[in-house]
Amino acid sequence: MTIYLDNAATTPLDPRVLKKMLPYFSEKFANPASIHALGQDAFITLEGAREKVANILNAPIDSIVFTSGATEANNLIIKGLAEANKNENKKRIIISAIEHPCVREAAKRLTTLGYTIDYLPANKQGIVTPKALENLMNDDVLLVSVMMVNNEIGTISDIKKLASVAHRFGAYFHSDAVQAVPYLNIDIKALKVDFLTLSAHKFYGPKGVGLAYINPKIKINALILGGGQENNIRSGTHNLPGIIGLSEALYLAYKERDKYLKKISKLQIYFWEKLKKEIPEILLNGSWEKRVPANLNVLFRYIEGEAILMDLSQKGICVSTGSACSASDLRASYVLKEIGLDKNYLNSNIRFSLGRYTTKAELDYTVKALKETVKRLRAFSPIT
Ligand SMILES: Cc1ncc(COP(=O)(O)O)c(C=O)c1O
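In short, a report on the structure. (Residues numbered from 1 in each chain as written. Predicted model: local features only at pLDDT ≥ 70, side-chain atom pairs only at ≥ 80, totals over all residues. Heavy atoms only, no water.)

### Considering the site of the ligand
(1) Moving on: In the vicinity of the ligand, 13 residues are found, and the nearest of them are Thr71, Asp176, Gln179, Ser199 and Lys202.
(2) Moving on: Between Ser199 and the ligand, the recorded distance is 2.6 Å, taken from a side-chain N or O atom to an oxygen atom.
(3) Moving on: Contact between the ligand and His201: an oxygen atom at 2.8 Å from a side-chain N or O atom of the residue.
(4) Moving on: Across the complex, the protein chains shield 89% of the 400 Å² of accessible surface that the ligand would expose by itself. (Near = heavy atom within 4 Å. Polar contact = N/O pair within 3.5 Å; in protein donor to acceptor, adjacent residues only side chain to side chain. Areas by Shrake-Rupley, 256 points an atom, 1.4 Å probe, with all protein chains shown as cover.)

### Regarding the packing of helix H3 (residues 70-84) against helix H4 (residues 101-109)
(1) Moving on: Running from amino to carboxyl end, H3 crosses H4 at an angle of 30 degrees, the nearest separation of the two axes being 9 Å. Viewed along their axes, H3 and H4 adopt a mutual orientation that is roughly parallel. Classified by chirality, the crossing of H4 by H3 is right-handed. Where H3 approaches H4, its residues Ala70, Thr71, Asn74, Asn75, Ile78 and Lys79 are matched on the opposing element by Cys102, Val103, Ala106, Ala107 and Arg109.
(2) Moving on: Its residues assigned to classes, the contact of H3 with H4 comprises six nonpolar, three polar and two charged. (Axes fitted to C-alpha atoms, helices over the stretch in contact; angles between N-to-C directions. Helix = DSSP H or I, 4+ residues; strand = E, 2+ residues; numbered from the N terminus. Parallel < 35°, antiparallel > 145°, perpendicular 65-115°, else oblique. Left-handed = near helix turned anticlockwise from the far one by under 90°. Contact = heavy atoms within 4.5 Å. Nonpolar A, V, L, I, M, F, W, Y, C, P; charged D, E, K, R; others polar.)

### Overview of the sheet that holds strand E6 (residues 172-176)
The pairing of strands in a sheet comes from backbone hydrogen bonds and takes either a parallel or an antiparallel form.
(1) Moving on: The sheet built from seven strands is open, its strands ordered E2-E8-E7-E6-E5-E3-E4 with mixed pairing. Two strands lie at the open edges of the sheet, namely strand E2 (64-67) and strand E4 (116-120), each paired on one side alone. Neighbour-to-neighbour, the strand axes of this sheet turn through a mean angle of 20 degrees, independent of strand direction.
(2) Moving on: One ladder, built from four bridges, connects E2 with strand E8 (residues 210-214); its direction is antiparallel. Bridge assignment links Thr67 to a residue of E8, and that residue is Gly210.
(3) Moving on: Its contacts with the sheet put H3 on E2, strand E5 (141-145), E6, strand E7 (195-199) and E8, and the angle it makes with E7 is roughly 160 degrees.
(4) Moving on: Where helix H6 (residues 159-168) meets the sheet, its contacts fall on E5 and E6, and the angle it forms with E6 comes to roughly 155 degrees. (Pairing = 2+ DSSP bridges.)

### A short note on the sheet that holds strand E12 (residues 349-353)
(1) Moving on: If you trace the three strands from one edge of the open sheet to the other, you get E9-E10-E12, paired in antiparallel fashion. The sheet terminates laterally at strand E9 (282-284) and E12, the two strands that pair on one side only. Each neighbouring strand pair of the sheet contributes to a mean axis angle of 30 degrees, computed without reference to strand direction.
(2) Moving on: Examined bridge by bridge, E9 and strand E10 (residues 295-300) share three bridges and lie antiparallel to one another. Paired with Leu284 across the strands is Val298, a residue of E10.

### Re H6
(1) Moving on: Along H6, the residues classified as buried are Ile159, Leu162, Ala163, Val165 and Ala166. The buried residues of H6 occupy an angular sector of 160 degrees when the element is viewed end-on, so they sit on one face. Relative to its buried face, H6 has exposed residues pointing more than 90 degrees away, namely Lys161 and Arg168.
(2) Moving on: The elements touched by buried residues of H6 are helix H5 (130-136), E5, E6 and helix H7 (188-191).
(3) Moving on: Between the side-chain oxygen at the start of H6 and the backbone nitrogen of Lys160 there is a gap of 3.3 Å, and the oxygen is on Asp158.
(4) Moving on: One or two residues past the end of H6 sits Gly170, with phi positive at roughly 80 degrees. (Buried < 20%, exposed > 50% of the residue type's maximum accessible area, 1.4 Å probe, protein only. Arc of directions from axis to C-beta.)

### Examining the pattern of salt bridges
(1) Moving on: Taken as a whole and assessed by the stated rule, the structure comprises 22 salt bridges.
(2) Moving on: Note that Glu105 is salt-bridged to Lys108, the shortest N-O span being 3.0 Å. Placement of both Glu105 and Lys108 in helix H4 is noted, with a separation of three residues, approximately one turn of the helix.
(3) Moving on: Overall, Glu105 belongs to the partly exposed group, its relative accessible area being 44%. (Salt bridge = Lys/Arg side-chain N within 4 Å of Asp/Glu carboxyl O.)

Right, dumping it as structure tokens:
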């Protein structure tokens, strides 16, 4: 038996999504850039997928740029905007201190173009507040980037209010919304963001495809140059099966949202209550109220998260100690450091991320297994 509680790292492909994708690997294989009839059919399909996504996100059709994922989309926005504005006098970029590494690393690279990077603190609850942003703002800021939902602790920041603060000071605003689907409503017009990114494999779509929402009125430079696809912003032959998969997965995620949210919220409460009852000396990292129902990031006093992870893995349970990208990196989480976690416990945490296929029986089994694991590891623990 395998119990998968790592849905924030990636989700399984929904079989309904796979079914929609399959013809585009075989009989409908043509390149949407080809002029002949097959190519034109592919082009119509591509533009249909773009329209479907734009409608769900309440965004103009020409604002959706398909990419290979959110890492590329975040790099495109951050580096592309900075490069297009390198001769202007706005030379500061503000990113939150709990951003995903692809935002952090892309921003760091901009120092080579003369930009200064400022880190916007999150509070102890793991939330980035408009007040904190106001304290850092000035009219020399080109871009502010704050994620909608943090990938490690699942906490939610108020993107609409943050975007409004950035705009008041004449800066652009970007939000990495990768972990927000379908928990939050992503309405581009209502949020008033300039840029936003999504990744299909986080919502039961395929890996290797994502999108950037880019306000068409804002000039950014392309990152990948070539044949001029995606309105010259992202060259390269379209991954049509992936794009079809992304659009269908997004459609299903929002169509089935209400029912799913009810189910997963109940499971989250059930799991957390049971964990607290069965296992002593544990704490929840980040706000309980302002977090997505898929996430529980839990501190287990006196033991290493890595040891828990390995033990659970042997029992068929898949969890993570932090973000997927840092799973092989034993350094303490910068997100947990940022929210002020006791330094003795920076390596004592497990992220459980529930998903569409999680069942109550699986959570019962996980608590039972964890109880035994934690008891045994604590018996050896040198930390008291
Ligand atoms: C918040 C966040 N941003 C960006 C990414 C990167 O997305 P992708 O896997 O599509 O490159 C991830 C993936 O873990 C993420 O959680």
